[in-house]
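# Chains, contacts and geometry: an overview
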Amino acid sequence: GAGVSQSPSNKVTEKGKDVELRCDPISGHTALYWYRQSLGQGLEFLIYFQGNSAPDKSGLPSDRFSAERTGGSVSTLTIQRTQQEDSAVYLCASSLVTGLNTEAFFGQGTRLTVV
Amino acid sequence: GENVEQHPSTLSVQEGDSAVIKCTYSDSASNYFPWYKQELGKRPQLIIDIRSNVGEKKDQRIAVTLNKTAKHFSLHITETQPEDSAVYFCAASSTGTASKLTFGTGTRLQVTL
C-alpha cells in the first residue's frame, strides 16, 4: 500500500507477557517515529529513527521498551513484561527528510490492551 | 532539544465563530511548523504547514501565522463547522540532525451548534 501500515490493529495481552508491534513505513521515507497515545491524551514521543544515525531513544519510558529498525525500513517496537499502564494506542509515523522537512504520515495505530 | 508548548488544551466555540490555537517553541533553528488534526478514533493528519521563510499561509478557512522573533505560531480557523471538532496538534522541527518533529500537547476543539 501507499501509506504507513501497522500490525496488529489490536492486541490484547496478559500482564507480564512480551509484545511486538510492527510498523511498515512509506517506501523511501528515512525518518520513522513511534508515539504512544493514551485515551484522550496527547502524542507521547517514544523513539525516532533517521537514516543511519543513532536513534533518539529519549522518550522510551523504561528499559522494558525497545525498538529496532532493520534495513532502514520496517520497525518493531517491543514491550517486555507488559504492565496495565502500557495499555494505549501506539502510533508509528514516517517522513521523507531532505533539505526541506516534509509531512509525517501516521499509521492507523495498534491498540494495546494489557489485562 | 526542542520544546513546544500549546494552548489552550480545550476550546469550545459556537458554529460560525473563529477559533485560534497558539504554540510556542524554544529552538530558534526550527524552520518547519506543521499542524495536524486528529478526529475521534482516527490517525493524526496534516492540515497545513508553514516554513520559516513565510509569515502567513492560508488554505480556505484555515490559516497559520508565524512570528520567528517571538518564536510562536498560531492556527486560525474561521467560520467553524461541527466537522472541525477534533484534537489539533502543532509541531516544530529543524533540518539535519535536529529534524525530529516535536509535537505540542494538543487542543481539543469542540464546535457547538
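See the structure shown above.
Residues numbered from 1 in each chain as written. Chains lettered and ligands numbered in written order. Predicted model: local features only at pLDDT ≥ 70, side-chain atom pairs only at ≥ 80, totals over all residues. Heavy atoms only, no water.

## Examining the overall build of chain A
Per the secondary structure count, chain A includes zero helices and 10 strands. Mapped from its N terminus to its C terminus, chain A presents α and β elements in the order β-β-β-β-β-β-β-β-β-β. Over its C-alpha atoms chain A spans a radius of gyration of 14 Å, differing by no more than 12% from the 13 Å that the globule rule assigns to 115 residues. Based on the C-alpha atoms only, the size of chain A along its principal axes is roughly 45 × 25 × 25 Å. Relative to its 115 residues, chain A shows a buried fraction of 46%. Here the contacts in chain A between residues at least 6 apart in sequence split such that 55% fall between residues at least 24 apart. Put simply, chain A shows about 5,600 Å² of open surface, and 47% of that area lies on carbon and sulfur atoms. (Helix = DSSP H or I, 4+ residues; strand = E, 2+ residues; numbered from the N terminus. Rg over C-alpha atoms; globule rule 2.2 N^0.38 Å. Buried < 20%, exposed > 50% of the residue type's maximum accessible area, 1.4 Å probe, protein only. Contact = heavy atoms within 4.5 Å. Areas by Shrake-Rupley, 256 points an atom, 1.4 Å probe, with all protein chains shown as cover.)

## Remarks on the pattern of salt bridges
When the charged atoms of two side chains with opposite charge come close together, those side chains can pair. All names here are of chain B. Following the criterion strictly, the structure yields eight salt bridges over all chains and no others. Put simply, E39 and K42 hold a salt bridge, and the shortest N to O gap is 3.9 Å. Given a relative accessible area of 31%, E39 falls into the partly exposed group. Judged by relative accessible area, which is 51%, K42 ranks as exposed. (Salt bridge = Lys/Arg side-chain N within 4 Å of Asp/Glu carboxyl O.)

## Side note on the interface of chain B and chain A
Opposite the 18 residues of chain B that make contact, chain A presents 23 residues. Approximately 1,700 Å² of surface area, both sides summed, lies buried where chain B meets chain A, with 53% of it carried by carbon and sulfur atoms. The interface formed by chain B and chain A includes one salt bridge. Across the pair B:K100 and A:D56 runs a salt bridge, and its minimum N-O distance is 2.9 Å. Those elements giving two or more residues to the side of chain B that touches chain A turn out to be β4 (32–38) and β5 (45–51) of chain B. Considering every element that reaches the side of chain B that touches chain A, the biggest residue donor is β4(B), with three residues. Each residue belonging to the side of chain B that touches chain A can be placed in one class, and the counts come to seven nonpolar, seven polar and four charged. (Buried area = accessible area lost by both parts, 1.4 Å probe. Nonpolar A, V, L, I, M, F, W, Y, C, P; charged D, E, K, R; others polar.)

## Section: the state of the cysteines
Residue and element names in this part refer to chain A. For the structure shown, the criterion picks out two disulfides over all chains. What pairs with C23 in a disulfide is C92, and their sulfur atoms sit 1.9 Å apart. In this structure, the disulfide formed by C23 and C92 twists by about -65° around the S-S bond and is classed as left-handed. You can see C23 sitting in strand β3 (residues 19–24) and its partner C92 sitting in strand β8 (residues 88–95), a full 69 residues away along the chain. Summarising the burial analysis for this pair, C23 and C92 share the class buried. (Disulfide = S-S within 2.5 Å.)

## Examining the environment of A:D63
Residue and element names in this part refer to chain A. Checked against the element boundaries, D63 lands in the loop between β5 (44–50) and β6 (65–69). Residue class for D63 comes out exposed when judged on its relative accessible area of 67%. For the pair D63 and S87, spaced 24 residues apart in the sequence, the C-alpha separation amounts to 17 Å. Apart from the residues lying within four places of it in its own chain, the contact partners of D63 are Q80 and R81.

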